[in-house]
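Chain by chain, the residues:
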Amino acid sequence: FLVVLGTALARRGRRGEAAATLRRGLRADPDDRDAMRALVAVLGASAGERDALEDMESRAQAAAESASLTAAALEGEDYAAATVHALAWVRALPDHAPARLALAVALANSGQLERALLQFGFALDLDPASSAAALGGVRVAGMLGLVEEAARHAAVLDPERHPAVRLRHRLRVPAINDSVA
């Protein structure tokens, strides 16, 4: 949709808006070659712009490859490899919520809970509607005994879709001096 809109804006002579729209499209889908070509056409493709777009395309290719390798490693339960590939994916696209989420899952499954919680938080910040990031953050924070952090992640969940969230007010965290009976 953004490619069509950007192209239409360019045809009307609104090149700045067209370029911004096409860039937005590329941020949403870095592999969209049509958006890349349209942006080259809108910008007139000076040498510097061509280099920047080639770099963007190279990063998109690296991200796609890393995403594929990450998925395969997670599916094969090779969490060390998944972590390596997910880190490469995050380096290629640092503001991409699925990359952060994949890294969080790989880290959590390899026992690196503190680092996983940080990545679940980044994924949730990038995509506040991500129930996977919220649930992962709740689970890992709970495993670490970080009740307030678990509640922060749980706060974004819809109680209708996740009934356990409705029960969170009943959660009682025992004090250090509470005896076990």
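Residues numbered from 1 in each chain as written. Predicted model: local features only at pLDDT ≥ 70, side-chain atom pairs only at ≥ 80, totals over all residues. Heavy atoms only, no water.

## Side note on the overall build of the protein chain
In step 1: Assigned secondary structure in the protein chain consists of nine helices and zero strands.
In step 2: Overall, the protein chain shows an N-to-C arrangement of helices and strands of α-α-α-α-α-α-α-α-α.
In step 3: Accessible surface, the protein chain: about 11,000 Å² in total, of which carbon and sulfur atoms supply 55%. (Helix = DSSP H or I, 4+ residues; strand = E, 2+ residues; numbered from the N terminus. Areas by Shrake-Rupley, 256 points an atom, 1.4 Å probe, with all protein chains shown as cover.)

## Looking at unusual backbone geometry
In step 1: A positive phi angle, close to 55°, is found at Glu77, a residue other than glycine.
In step 2: Position of Glu77 among the secondary structure elements: in the loop between helix 4 (47-75) and helix 5 (79-92).

## Describing the packing of helix 8 (residues 131-144) against helix 9 (residues 147-154)
In step 1: Relative orientation of the contacting elements helix 8 and helix 9 amounts to 170°, with a least axis distance of 8 Å. Comparing their axes, helix 9 and helix 8 come out roughly antiparallel. The segment helix 8 lies against helix 9, with Ala133, Ala134, Gly137, Val138, Ala141 and Gly142 engaging Glu149, Ala150, His153 and Ala154.
In step 2: Residues belonging to the contact of helix 8 with helix 9 are distributed by class as follows: six nonpolar, three polar and one charged. (Axes fitted to C-alpha atoms, helices over the stretch in contact; angles between N-to-C directions. Parallel < 35°, antiparallel > 145°, perpendicular 65-115°, else oblique. Contact = heavy atoms within 4.5 Å. Nonpolar A, V, L, I, M, F, W, Y, C, P; charged D, E, K, R; others polar.)

## Let's talk about the environment of Ala8
In step 1: Looking at where Ala8 falls in the secondary structure, it is placed in helix 1 (residues 2-11).
In step 2: Under the relative-accessibility criterion, Ala8 is labelled partly exposed at 21%.
In step 3: As for Ala8 and Ala18, which are separated by ten residues in sequence, their C-alpha atoms are 7.7 Å apart. (Buried < 20%, exposed > 50% of the residue type's maximum accessible area, 1.4 Å probe, protein only.)

## Re the pattern of salt bridges
In step 1: Using the criterion set out here, one finds two salt bridges in the structure.
In step 2: A salt bridge links Arg14 to Glu17, with the shortest nitrogen-to-oxygen separation between them at 2.7 Å.
In step 3: Among the residues examined, Arg14 registers a relative accessible area of 37% and is labelled partly exposed.
In step 4: Given the relative accessible area of 40%, Glu17 is considered partly exposed.
In step 5: One salt bridge connects Glu149 with Arg152, and the closest N-O pair in it is separated by 3.2 Å. Here Glu149 and its partner Arg152 are both found in helix 9, three residues apart, which amounts to about one turn of the helix.
In step 6: Judged by its relative accessible area of 38%, Arg152 falls in the partly exposed class. (Salt bridge = Lys/Arg side-chain N within 4 Å of Asp/Glu carboxyl O.)

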